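# Topology and contacts: notes
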Amino acid sequence: MQTMQIGSQPIRLKPRTEETVVAAVDTSTIKIGETSKGMLIAVRGATVWKQKKHYRYLRVGPFIFHVTEENKKQVYNALQRAYFTSPHEHNHNGSPSFLQMPTRIANLLERWQQTMLSTTVTNGLILFDGSLTSGIADTSTKRMKQILDAARKRGNIVLAFSKMTSLRFNGYLITDVLLGYKPPYLFEIAGLKPRPPIVLLGDVYVARLANENYAFRLDIDKEVSIERRMEAVEKLLGNELFSQSYPETLRLAHILCTFTANEVIAMQHFITRKYDLKIINRPDMHRLLFGPFGKGESRS
Amino acid sequence: MKLYKKEGNIIQILGFPNETVEKGDYLLIEGKNARKALIVQVIDVQFANIPGILEELLRSLPDGGELIQGEDFDPLEIAPHITYIQDARLLRCKIRATIENESLSPSSSWLPSRSQSTIKKLSIPTLLELAKVNGKLPIVLGGTKDSMLLTIDASSLDGRLNIITGKKETGKSHLSKLLMLNLIRYGATVIVLDLNGEYISLGMTSDGKRNAYHNKIHVLTPSQNFKVVLKQLHLHVLLSILIHALHLPGTSAREFRTIWRSLKEKDNLTLRELGEAIRNSRCNHHVRDALFSRYYALLNSRFFTDNVAEAMLLEESLFKAGKEGGVIVINLRNTSSIDRQIVVEYVLGKLVELLTSWKLKAVFLYAEEAHLYLRETYWDDIVTRMRHLGIFTTFITNQPNTIRENIYRQADNIFLFNFTNEHDLETVSRAARVDAETVKSIATDLSPRHCLVLGKAVKDFPMVVKVKALDIRTMGETRLFFINTN
C-alpha cells in the first residue's frame, strides 16, 4: 500500500433530508467459560434501522456453543450450511482454529444479517461495522460481493464505518491528519493496492461528518457511481443522528448486541441449570506466577 | 438463598426473585454437620450488585430517554435468566442468636460455611418456641406477616419500663388499650394518665354497649367525679403539689407546713380554714402573698373540696381494681396545664404512699405524653425508686425526644410504630435493647397499626406485628372542620 494518495481538497457535503431508511448491523461474541473439553461461547447479532425518525431493532441470540477441538469443524460447517443456502467456496485457511472460533462464528452471523438486510431494504443506506475488505480468513470475496450486489439491485448503498484503521499517511493515521476543515466532509484515499488474496470491494474515504474532532475510515461500494456515493453520504447526514461523528444506528446496533457481565452470569446460570455443564475456573497463570506484576490473561 | 458475606454481626445473603423474603423476616442458617445454626433477621433488602447492570439499564434507553422499540429472537430463552440475575437481592441480616444443642445464645462468633450452609425462613411460631416466648399469661398482640399470632407473656411487662412510640395515628393508643385490657384480665391494676380522654370508653364497645370490662374501668375526671378533701391528704403530698406543680419557694413552704400542722391539730383542715389561716398568718407579707396565690390555684382547680360526700377516694378505686383487676383512667382532658400537674402530683404521691405501706401490691402506670405533666425529677424516680416500689410505667408518645435518654436506655420493652423522621428514629435507637440499624431500617417501613416489638417481651428478637383490632369505642378523635363536606 505504498502508493496511497489523499485527495488534495475535501469533498464538501450538504445534508439531504429526503426520507431514507438507514439500517445497520453488528454482532458480538464472548467466551462465557471453559469446560474440561473446550469452551463455551455466545454470539448475538443486532439489526437496527431508522425509519420515520424512530429506531427499531431486531436482535437475534444469544446463541451458545460448546466448542471443542473435536467438534469445531462440524459446528462451523453446520452453521455455514444453516446461514447460507449456496455452498461456501473453500476457505483458503481451512477450518478455523479453536481460538478463532468465537470471532468466526460471530462473523458468519454478521454476514447472514448483512445478507438479510441487503435483500429486504429498498433504496436505503446500509451501514456495516468495519471495512469492505474481503479475501481474508473470515470474509470471502464471493460472499461479500454477493451481499453488495444484492444491496445494489434493491437500490441500497452500503457504507462501512471502521472505528479503527491501520492505514497511515506519512506515518500518521489517516483519521488523524485531515481534521483541519469544517465538517461535514470526506477525503478520498486513492491508490490502495492490497496484496492478494485481499480485495478491496469499496473505495476508501476519511469521513468527518460532525463537529466533534473524530474522523472515521469509510468504505463505499466501488460499483456505485461517485455521484450516488456522495448522495448516499449526504442522505445519511440528513437522516441520521451522529454521536462523536459516528452514526447512531450503527452505535445502537453495537450497544444492543454487546454482552454485559450480567448477561454472562445469566448464560452461565442457564448452562449450569439446563445442560448440567460444569464451568471450570482455570487459574490465571499470569496472576499465579507474577502476582501483582501479572497483568491477567484476559488482557495479555 | 446463599450466604455471601459476614461483617461483625451483619450477614449478607444472596436471595433470588422466587424467594419471598422481606424486611423483618427471620432466617435460619444451618451449617452442615456443624450442629449449630444462626438465627438472623433481615433488616434490609437491596438489589445485589450485579456486574454490568448499569450497562443493561442504559442500553434499554439509548434513544434520548425514549424506549427503543424492537424484537428479540431468543431461541434459548436466556432472557428469563437475565431477569433472574438482574433481580437478585442482597439481604442484609442481623445475627440475633446462635442455636447450639437446642439452646440459644446471643453470640455471633460462629461462622457458618458459605458453600455448605442451608438457609431457610424461620416462622415466627417456631422462633417463639425456640426463644421460649411463652408463659402462663399470654397476650395476643396481633398477627405477623405470615398470618401467625404473636403472643407475649404478661409477666414480660411486669416490673418493666415500657415505651410505646410512633408518629400520629399509627395505633399507639390502640396497642396501649390492648395491653391494659389484657393486664386487667390477669387481675392487674392499671392507672392511665389520659391526656386526651382517649381511654374513657374502654368499657364500651364500638356501638356504644357495655363490654366485658365495663365494671373494671373506673374513669376519674378531676373536678368532676374526682375530688379530694384536705383531711385525706398527707402533708408531704400537698407540699409536693405546692413545691413541684405550683413552684412554692422553700421559705413559704416552711410557713405552709406550720399552718397545716396548726390546722390539723385543731382538726380544722378545710379549704376555708386554710384560707383564713393564711390570711391571719403573721409571716412576712411576701410569704403570705406567695401562699395566697398557691391557695387560690388549688381552689380554682376545683380538685379540692370541703364536702366529704363530693370527695372521691382514689384508694377505693385502687383497692377495687387491686382485688379483681381494673383500669383507673385519670381523665386529664380539658384540664389546664397547672391543674394537670396538681392532679398528677397527687396521684403519684398517693400511689407511692399506698405502695410504701404495702396497701397496694403494684400498679401498671400508662402515661401519655408525660412531658406535659411530669416534673423533671420524676423521670429518674420512675426508672429507679418508683419501679422498686411497684410502679411499672409505660410511656406513650409521638414525640420520642420528649422522653429522656436514660429512660430509653433503661427501657425493657419498646413498641415502635412508624416513624419517617430520622431524628425521631435516632432518639429511639438509643435504647439499649436494640441496635440503631434495625430501628431505622424497619420502623420507616411499618404500615399503620403495625408495630415493631423490641425487648424482653420478645426475648430480644425484634418482631413486627399487626396489632389486633379491638371492639372498643374510639375516643379522642381529632375534631374536624370539613367532617360533613365529603
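For the structure itself, look to the data block above.
Structure report, in brief. Quick caveat, the model's predicted, so the values are computed rather than measured.

### Notes on the overall build of chain A
Scanning chain A from terminus to terminus reveals eight helices and 16 strands. In terms of overall dimensions, chain A is globule-like: its C-alpha atoms have a radius of gyration of 21 Å, near the 19 Å expected for 300 residues. Per-residue burial for chain A yields a buried fraction of 52% across its 300 residues. Taking the contacts inside chain A whose residues are at least 6 apart along the sequence as the reference set, 72% of them involve residues at least 24 apart.

### Things to note about the interface of chain A and chain B
In this assembly, 29 residues from chain A lie in contact with 25 residues from chain B. The junction of chain A with chain B conceals about 2400 Å² of combined surface from both sides, 63% of it contributed by carbon and sulfur atoms. For the chain A face of the interface with chain B, the top three residues by lost area are Y57, N262 and F270 of chain A, together amounting to 25%. In this assembly, chain A and chain B are joined by one salt bridge. The closest approach of N and O atoms between D72 of chain B and R59 of chain A, which form a salt bridge, is 2.6 Å. If one sorts the elements of the side of chain A that touches chain B by residue count, strand 5 (residues 54-68) of chain A sits on top with eleven residues. When its residues are assigned to classes, the side of chain A that touches chain B shows 16 nonpolar, six polar and seven charged. With five bridges joining them, strand 5 of chain A and strand 5 (residues 69-73) of chain B adopt parallel strand pairing. Bridge pairing in strand 5 of chain B places L58 of chain A opposite E71 of chain B.

### Some details on the side chain of N162 of chain B
Residues and elements named next belong to chain B. Topologically, N162 is positioned in strand 11 (residues 162-165). Polar contacts involving the side chain of N162 include one to the side chain of T394, which spans 3.1 Å. When neighbours within four sequence positions are excluded, N162 is seen to be in contact with L157, T393, T394, F395, N413 and F415.

About the cut-offs
- Residues numbered from 1 in each chain as written.
- Chains lettered and ligands numbered in written order.
- Predicted model: local features only at pLDDT ≥ 70, side-chain atom pairs only at ≥ 80, totals over all residues.
- Heavy atoms only, no water.
- Helix = DSSP H or I, 4+ residues; strand = E, 2+ residues; numbered from the N terminus.
- Rg over C-alpha atoms; globule rule 2.2 N^0.38 Å.
- Buried < 20%, exposed > 50% of the residue type's maximum accessible area, 1.4 Å probe, protein only.
- Contact = heavy atoms within 4.5 Å.
- Buried area = accessible area lost by both parts, 1.4 Å probe.
- Salt bridge = Lys/Arg side-chain N within 4 Å of Asp/Glu carboxyl O.
- Nonpolar A, V, L, I, M, F, W, Y, C, P; charged D, E, K, R; others polar.
- Pairing = 2+ DSSP bridges.
- Polar contact = N/O pair within 3.5 Å; in protein donor to acceptor, adjacent residues only side chain to side chain.

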